[in-house]
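Spelled out, the chains give:
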Amino acid sequence: MKTVLHSSVMVRTILTGLILLSMVTIASAKDLSRGQGKSLDEQVHGIKSEVLSIAKELDKLEERLLYPSHTQIAVFVSMRKNQTFSLDSVDIELDGKNIAYHIYTSRELNALTDGGVQNIFTGNAAIGMHEFKVTMRGKSSAGEDIRLVKSFSFEKTAEAVIAELLLSEKSITLIDR
């Protein structure tokens with residue numbers, strides 16, 4: 001974990017240095033004579049494009065360092081078709097630690113009931129056995145409170161884990177994608 005954090009700091013330092021270098025180059029270019037203005041503008045535009053391209057590549061590198069595929073876990077939430085209950089919130093624990101909590105707006109609920117899928121968590125876990133504990137709260141179509149709690153055990157291998165929590169009024173199902 002320290003290596004990932006150190007790498008992240010290093011990537012951010014490099015990115016900051018490149019941005020500062022581009023700013024100095026742009027400032028120097030503006031100080032040159034007006035006779036070279038058009039070509040300087042083109043040069044400045046080219047440098048800006050290069051810096052943006054490098055920043056984009058550094059963001060990708062940082063994501064690969066922070067979330068390497070052999071430790072990555074992604075959890076999605078969806079609802080079974082034809083559900084009439086109103087989902088209020090979902091709370092997820094991984095190995096006893098709260099990793100995600102979300103309170104749903106009416107707009108988000110409409111998207112889920114229309115077949116949408118929400119990415120509720122992306123993070124890391126070591127290879128080995130783990131346990132998800134999912135708590136779902138809502139209201140039935142009759143207005144009664146719903147609170148379902150379900151635990152799922154899974155084994156994290158060297159592959160990324162992509163899991164979907166399929167919710168209904170009476171159950172929570174974990175689907176391995």
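For the structure, check the block above.
Residues numbered from 1 in each chain as written. Predicted model: local features only at pLDDT ≥ 70, side-chain atom pairs only at ≥ 80, totals over all residues. Heavy atoms only, no water.

Colleague: With reference to specific residues and values, describe the overall build of the protein chain.
Modeller: The secondary structure content of the protein chain amounts to three helices and eight strands. Classification of the 177 residues of the protein chain by burial places 33% in the buried group. (Helix = DSSP H or I, 4+ residues; strand = E, 2+ residues; numbered from the N terminus. Buried < 20%, exposed > 50% of the residue type's maximum accessible area, 1.4 Å probe, protein only.)

Colleague: Just give me the short version of the sheet that holds strand E7 (residues 161-167), but keep the residues and values in it.
Modeller: The sheet built from four strands is open, its strands ordered E4-E1-E7-E8 with mixed pairing. If you trace the sheet from one side to the other, it starts and ends with strand E4 (118-124) and strand E8 (172-176), each paired once. Each strand of the sheet is rotated relative to its neighbour by a mean of 20 degrees, with strand direction disregarded. Pairing analysis gives six bridges linking strand E1 (residues 72-79) to E4, with the strands arranged antiparallel. The residue bridging Gln72 from the neighbouring strand is Asn124, located in E4. Across the sheet, helix H3 (residues 106-113) lies against E1 and E4, angled at about 90 degrees from E1, the strand it touches most. (Pairing = 2+ DSSP bridges. Axes fitted to C-alpha atoms, helices over the stretch in contact; angles between N-to-C directions. Contact = heavy atoms within 4.5 Å.)

Colleague: Run through the pairing of strand E6 (residues 145-156), naming residues and quoting values.
Modeller: As paired strands, strand E5 (residues 128-139) and E6 are joined by 12 bridges and run antiparallel to one another. From the neighbouring strand, Met129 faces E6, where its bridge partner is Glu155. From the end of E5 to the start of E6, which pair antiparallel, there are five residues, and Gly143 there has a positive phi angle of about 90 degrees.

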